[in-house]
Amino acid sequence: MRRLLSAMATGTLLAAVWSTPAPAAPPTAPPKGNGWELRPSPSFDYAPGVVCDFGIHADPIEDEVYYRTLTRWPDGSVRTEAATGPLVYRLTNVATGASTTGDASASGVSLHHQDGGLTGWSHGPLLLGVRAGLGNLPRGFYEIDGPAWRLDITAANYRTVSGAYRITKNFCVALSG
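The structure reproduced in this document is the subject of the present report. (Residues numbered from 1 in each chain as written. Predicted model: local features only at pLDDT ≥ 70, side-chain atom pairs only at ≥ 80, totals over all residues. Heavy atoms only, no water.)

**Quick word on the pattern of salt bridges**
With the rule as written, the count across this model stands at five salt bridges. The partner of R39 in a salt bridge is E37, and the shortest N-O contact between them spans 3.7 Å. When its relative accessible area of 41% is taken as the criterion, E37 is described as partly exposed. The salt bridge involving R166 is made with D145; its shortest N-O contact spans 3.9 Å. Here R166 is found in strand β13 (residues 159-170), whereas its partner D145 is found in strand β12 (residues 140-153), with 21 residues between them in sequence. When salt bridges with common partners are traced through the structure, they connect E37, R39 and E81 into a single cluster. (Salt bridge = Lys/Arg side-chain N within 4 Å of Asp/Glu carboxyl O. Buried < 20%, exposed > 50% of the residue type's maximum accessible area, 1.4 Å probe, protein only. Helix = DSSP H or I, 4+ residues; strand = E, 2+ residues; numbered from the N terminus.)

Next up, the structure:
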């Protein structure tokens, strides 16, 4: 779950696509400097009624996000890490087959709390699913964008978005057709 949250915390910009995507571009060079590591991003699913009335499936179709561990907890686990690079997901309404893409390519820094929570700071877009009663936004699956925003996710999965952000897309509406 931490890996998925980190991947999603890197951001999102949405573009509608109703056909098969073009072949992926060759991998980009890693960021300059020591310690950057390319990590695959997972597919994920939301069951019907969790964030939208219908189920959503997401597959990475372009995935070249590099991570760099900045600090570690005394037990050796990651405390803070930076992420940058292109990450594009195909998002599908599993009931109708309607799909679109979400571009989660913003750069950010994440603080992994020892209790399993996460705080992320980012510049750029984000894909965010919010369950009923578990966030400062209503239940939904959103595209959020902004120049400087923060996402706090508690160990109990309560999600708070703050800072300079705006909701640019509601996937529960965009994929309902």
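This is not the end of the story, as more comes after the structure.
**Quick word on the packing of aromatic side chains**
By the definition in use, this model includes five aromatic pairs. Between the aromatic rings of F44 and Y89, the centroid separation amounts to 5.2 Å while the plane-to-plane angle is 65 degrees, which identifies the pairing as edge-to-face. In this pair, F44 is assigned in strand β3 (residues 44-46) and Y89 in strand β7 (residues 87-93), connecting sequence segments 45 residues apart. Y89 carries the same exposure label as F44, and that label is buried. On the numbers, 5.2 Å between centres and 45 degrees between planes, the contact of F141 with F171 is tilted. Here F141 is found in strand β12, whereas its partner F171 is found in helix α2 (residues 171-174), with 30 residues between them in sequence. Like F171, F141 is buried. Grouped by ring-pair contacts, the aromatic residues F44, Y46, Y89, F141 and F171 constitute a single cluster. Here the guanidinium or amino end of R79 rests over the ring plane of W73, the centre of that ring lying 4.9 Å away. (Phe/Tyr/Trp six-rings, centres within 6.5 Å; stacked < 30°, edge-to-face > 60°. Lys NZ or Arg CZ within 6 Å of the ring centre and 35° of its normal.)

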